[in-house]
Amino acid sequence: MRSFFAVFSRELRAYFVSPLAWVILTALLLIQGYFFSLIISALSDPNTVAGATPFSHFFGFFWISLLFITPAITMRLIAEERRSGTIESLMTAPISEVEVVLAKFFAALTFYGFLWLPTVAYPVLVGRHTDVDWGPVASGYLGTLLIGALALAVGLFGSSFTKNQIVAAVTTFGLLMVLFALPWAGDLTQDETIGKVFSYMDLIVHMDEFSKGIIDSRRLVYYLTTTALFLFLTTRALAAKKWR
């Protein structure tokens, strides 16, 4: 565990000393601020349907920023190690590939959570002036964390193949686009079972459900298993490179 925490703390510190990290934070807060303005507009609109959850605007479209934020967060995690040559010393240290991958993943996930932390002020501010249904807000943050964890695992996998951070970011973006596009692929098949399988993987629908306070155990299983799958593939990629 000591080796795990050493890598974890090193990666987490690297985020906060990197100018790119603060650029990511600023960009994400600007996007989140825009969606918060949609919430205020919805609450101010006399035609807003009673019982509506305006915060669904905030969480329902965050996937747009996810496509750009997570590749930027993960692109350096392994690619930079390969470029600088430190991957060899890391792989020969008394630490397993699993510990390396998990340490980097949880460091990225911690930083990802930090990016969202300032937005907790939004529902608190709204709650001082009107009633807020905290159930959808809590489930929205849960969905944000789960989908973010999946995207970060994909990004870590994409970063394990190259020394170039830009290539890693583009690879991650492409993989995420495939994940988001899978439901549309289901529309092309005439097989009802296959169509249901692709529909089950619709991340946009998942986030819409979370933003409305709907927590489906099948969604939780999907995110946990798929995240674990990409982390496993990353460990295999590291192990394969280790013996070359």
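None of the values given here were measured: they were computed from a predicted structure.

Quick notes on the rules
Residues numbered from 1 in each chain as written. Predicted model: local features only at pLDDT ≥ 70, side-chain atom pairs only at ≥ 80, totals over all residues. Heavy atoms only, no water. Core = buried A, V, L, I, M, F, W, Y, C linked by side-chain atoms within 4.5 Å. Buried < 20%, exposed > 50% of the residue type's maximum accessible area, 1.4 Å probe, protein only. Helix = DSSP H or I, 4+ residues; strand = E, 2+ residues; numbered from the N terminus. Contact = heavy atoms within 4.5 Å. Polar contact = N/O pair within 3.5 Å; in protein donor to acceptor, adjacent residues only side chain to side chain. pLDDT = per-residue confidence, 0-100. Salt bridge = Lys/Arg side-chain N within 4 Å of Asp/Glu carboxyl O. Axes fitted to C-alpha atoms, helices over the stretch in contact; angles between N-to-C directions. Left-handed = near helix turned anticlockwise from the far one by under 90°. Nonpolar A, V, L, I, M, F, W, Y, C, P; charged D, E, K, R; others polar. Phe/Tyr/Trp six-rings, centres within 6.5 Å; stacked < 30°, edge-to-face > 60°. Lys NZ or Arg CZ within 6 Å of the ring centre and 35° of its normal.

### Some thoughts on the nonpolar core
Next, step 1: Within the largest apolar cluster, 53 residues are counted, with the highest numbers of intra-cluster contacts made by Ile73, Phe105, Leu115, Leu150 and Tyr223.
Next, step 2: Considering every element that reaches this core, the biggest residue donor is helix α7 (residues 97-116), with 11 residues.
Next, step 3: In this structure, Leu150 is in contact with Leu179, Leu203, Tyr222, Tyr223, Thr226, Thr227 and Phe230, ignoring residues within four places of it in sequence.
Next, step 4: Formed by five residues, the second largest nonpolar core is a distinct cluster that contains Phe36, Tyr122, Val126 and Val132.

### Here's the deal with the environment of Thr26
Next, step 1: With respect to the secondary-structure elements, Thr26 resides in helix α2 (residues 19-44).
Next, step 2: Accessibility expressed as a relative area gives 46% for Thr26, which makes it partly exposed.
Next, step 3: Looking at Thr26, its side chain comes within polar contact range of the main-chain oxygen of Trp22, at 2.8 Å.

### Topic: the confidence of the model for the protein chain
Next, step 1: Averaged over all residues, the pLDDT of the protein chain is 81; the fraction at 70 or higher stands at 85%.
Next, step 2: Per-residue pLDDT, averaged within each element of the protein chain, yields its smallest value for helix α3 (residues 55-60) (59) and its largest for α7 (91).

### Quick notes on the pattern of salt bridges
Next, step 1: As enumerated under the stated definition, the model contains eight salt bridges in all.
Next, step 2: The shortest N-O distance in the salt bridge between Arg10 and Glu81 comes to 2.3 Å. Here Glu81 lies in helix α5 (residues 79-84) and Arg10 lies in helix α1 (residues 2-17), a separation of 71 residues in the sequence.
Next, step 3: Given the relative accessible area of 34%, Arg10 is considered partly exposed.
Next, step 4: On the basis of relative accessible area, Glu81 is assigned to the buried category, the value being 5%.
Next, step 5: With its nearest N and O atoms 3.0 Å apart, the salt bridge here joins Glu81 to Lys104. Placement of Glu81 in helix α5 and of Lys104 in helix α7 is noted, with a sequence separation of 23 residues between them.

### Observations regarding the packing of α1 against α7
A pair of packed helices is captured by two measures, namely the crossing angle of their axes and the spacing between those axes.
Next, step 1: Remark: α1 packs on α7, axes separated minimally by 8 Å, with the N-to-C direction vectors making an angle of 35°. Note that α1 runs across α7; the crossing there is right-handed. Counting all contacts with α1, which are made through Phe4, Val7, Phe8, Arg10, Glu11, Leu12, Tyr15 and Phe16, the residues of α7 involved are Glu99, Val100, Leu102, Ala103, Lys104, Phe106, Ala107, Ala108, Thr110, Phe111 and Phe114.
Next, step 2: Across the contact of α1 with α7, the residue classes tally to 14 nonpolar, one polar and four charged.

### Regarding the packing of aromatic side chains
Next, step 1: Within this structure, the stated rule accounts for 14 aromatic pairs.
Next, step 2: Taking 5.6 Å as the distance between ring centres and 40° as the angle between the ring planes, the aromatic pair formed by Phe68 and Phe173 counts as tilted. Residue Phe68 is found in helix α4 (residues 63-74), and its partner Phe173 is found in helix α10 (residues 165-186); the two are separated by 105 residues along the sequence.
Next, step 3: Aromatic side chains Tyr222 and Tyr223 sit 5.4 Å apart centroid to centroid with 65° between the ring planes, which places their arrangement in the edge-to-face category.
Next, step 4: Exposure remark for Tyr222: the relative accessible area of 6% places this residue in the buried category.
Next, step 5: Ring pairing ties together the aromatic residues Tyr15, Phe16, Trp22, Phe111 and Phe114, which thus form one cluster.
Next, step 6: Positioned over the ring face of Tyr15 is Arg76, at 5.6 Å from the centre of the ring.

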